Amino acid sequence: MKPLLLFASFLLSSVCCAQLKPIPRPPRPFTEKEQEMEDCNHDCAFRPIGSAAQRRKLYPFRETASVFLVSFGPSNGVVMGSSLPSRLGKRIDPSKYKEVKRLNSAAIDSLTSILYNWRYRGVIREIEKRMCYNPRNAILMLDSSGRLVSFIELCFECSEYRLSSERVQTGEFCNQKFQLLRSFFRSHGVDFGTRDD
């Protein structure tokens, strides 16, 4: 009986004296002034990171021989659920796209300027994620043999994107970045997925 009593008292003292980790508190809501600053900092500001040659040294552009802007859509009458009709390491089949536009050297420099030089105006504390995602456009990067090495898939409707890998550097997606990219696609003749109608 004594060993059982000793074990019970040991167990009770262990429970009473155990150090419990405090439950983390939820983050404090922003004050009105902090929220205004946060909203302002999410806007885009033109803050160059370097020359066009320096931007081309960032991945994936440093391993890219050609860049294409494309549009694509669901097949068989499906309204939602588009997916990029190409796989990494494979040649792209232009017949699977609605529009395919190859960029020249100057256009690639303009694209890298949009991606890397337009950045958050200031320090941000929260990144908003939207639940919707119905991509219809992408930036495809091909190697010298015409195989897809990386992509940036875009949903202009939802202002969301998907990358072919974590290595792809896109710059910061500040508030106006999607509008800048949408205008860039439109100026190069890619209409599907870039119009509001």
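Residues numbered from 1 in each chain as written. Predicted model: local features only at pLDDT ≥ 70, side-chain atom pairs only at ≥ 80, totals over all residues. Heavy atoms only, no water.

Asker: Any chance you could explain the packing of aromatic side chains here in plain terms?
Answerer: Two measures describe an aromatic ring pair: the distance that separates the ring centres and the angle between the ring planes. Under the definition given, this model contains seven aromatic pairs. Taking the centre distance of 5.5 Å and the plane angle of 75° together, the rings of phenylalanine 156 and phenylalanine 185 count as edge-to-face. Of this pair, phenylalanine 156 sits in the loop between strand 6 (148–155) and strand 7 (160–163) while phenylalanine 185 sits in helix 5 (residues 177–187), placing them 29 residues apart in sequence. Each member of the pair, phenylalanine 156 together with phenylalanine 185, is buried. Centroid distance tyrosine 161 to phenylalanine 173: 4.1 Å. Interplanar angle 20°. Geometry classified as stacked. Here the residue tyrosine 161 occupies a position in strand 7, and phenylalanine 173 occupies one in the loop between strand 7 and helix 5, the gap between them amounting to twelve residues. (Phe/Tyr/Trp six-rings, centres within 6.5 Å; stacked < 30°, edge-to-face > 60°. Helix = DSSP H or I, 4+ residues; strand = E, 2+ residues; numbered from the N terminus. Buried < 20%, exposed > 50% of the residue type's maximum accessible area, 1.4 Å probe, protein only.)

Asker: Help me out: how do you make sense of the layout of surface pockets in this one?
Answerer: Empty space among the atoms becomes apparent when a probe as large as a water molecule is rolled across them. Taken as a whole, the largest pocket holds about 480 Å³ of empty space. For the largest pocket, the lining is made up of 19 residues, of which His42, Ile127, Glu128, Arg130 and Phe173 are closest to its centre. The set of elements that each furnish at least two residues to the lining of the largest pocket consists of helix 2 (32–41) and strand 7. For the lining of the largest pocket, the leading source of residues is helix 2, giving three residues. (1 Å grid on protein atoms, 1.4 Å probe; cavity = no way out; pocket = protein on both sides within 12 Å on 5 of 7 lines; lining within 4 Å. Points joined across faces, edges and corners; volume = space filled by probe spheres on them.)

Asker: Could you clarify how one ought to interpret the state of the cysteines in this entry?
Answerer: Formally, a disulfide is one covalent bond, and it connects the sulfur atom of one cysteine to the sulfur atom of another. This model, assessed by the stated rule, comprises two disulfides. Between the sulfur atoms of cysteine 44 and its disulfide mate cysteine 174 the distance is 1.9 Å. As the torsion about the S-S bond is roughly 100°, the cysteine 44-cysteine 174 disulfide counts as right-handed. Here cysteine 44 is found in strand 1 (residues 44–46), whereas its partner cysteine 174 is found in the loop between strand 7 and helix 5, with 130 residues between them in sequence. Of the two residues examined, cysteine 44 and cysteine 174, each falls in the buried class. Here cysteine 132 pairs with cysteine 158 through a disulfide, and the sulfurs are 1.5 Å apart. Negative torsions about the S-S bond denote left-handed disulfides, and the value of about -95° found for cysteine 132 with cysteine 158 makes this one left-handed. One end of the pair, cysteine 132, is in the loop between strand 4 (118–120) and strand 5 (137–142); the other, cysteine 158, is in the loop between strand 6 and strand 7, with 26 residues separating them in the sequence. The class for cysteine 132 is partly exposed, based on a relative accessible area of 36%. (Disulfide = S-S within 2.5 Å.)

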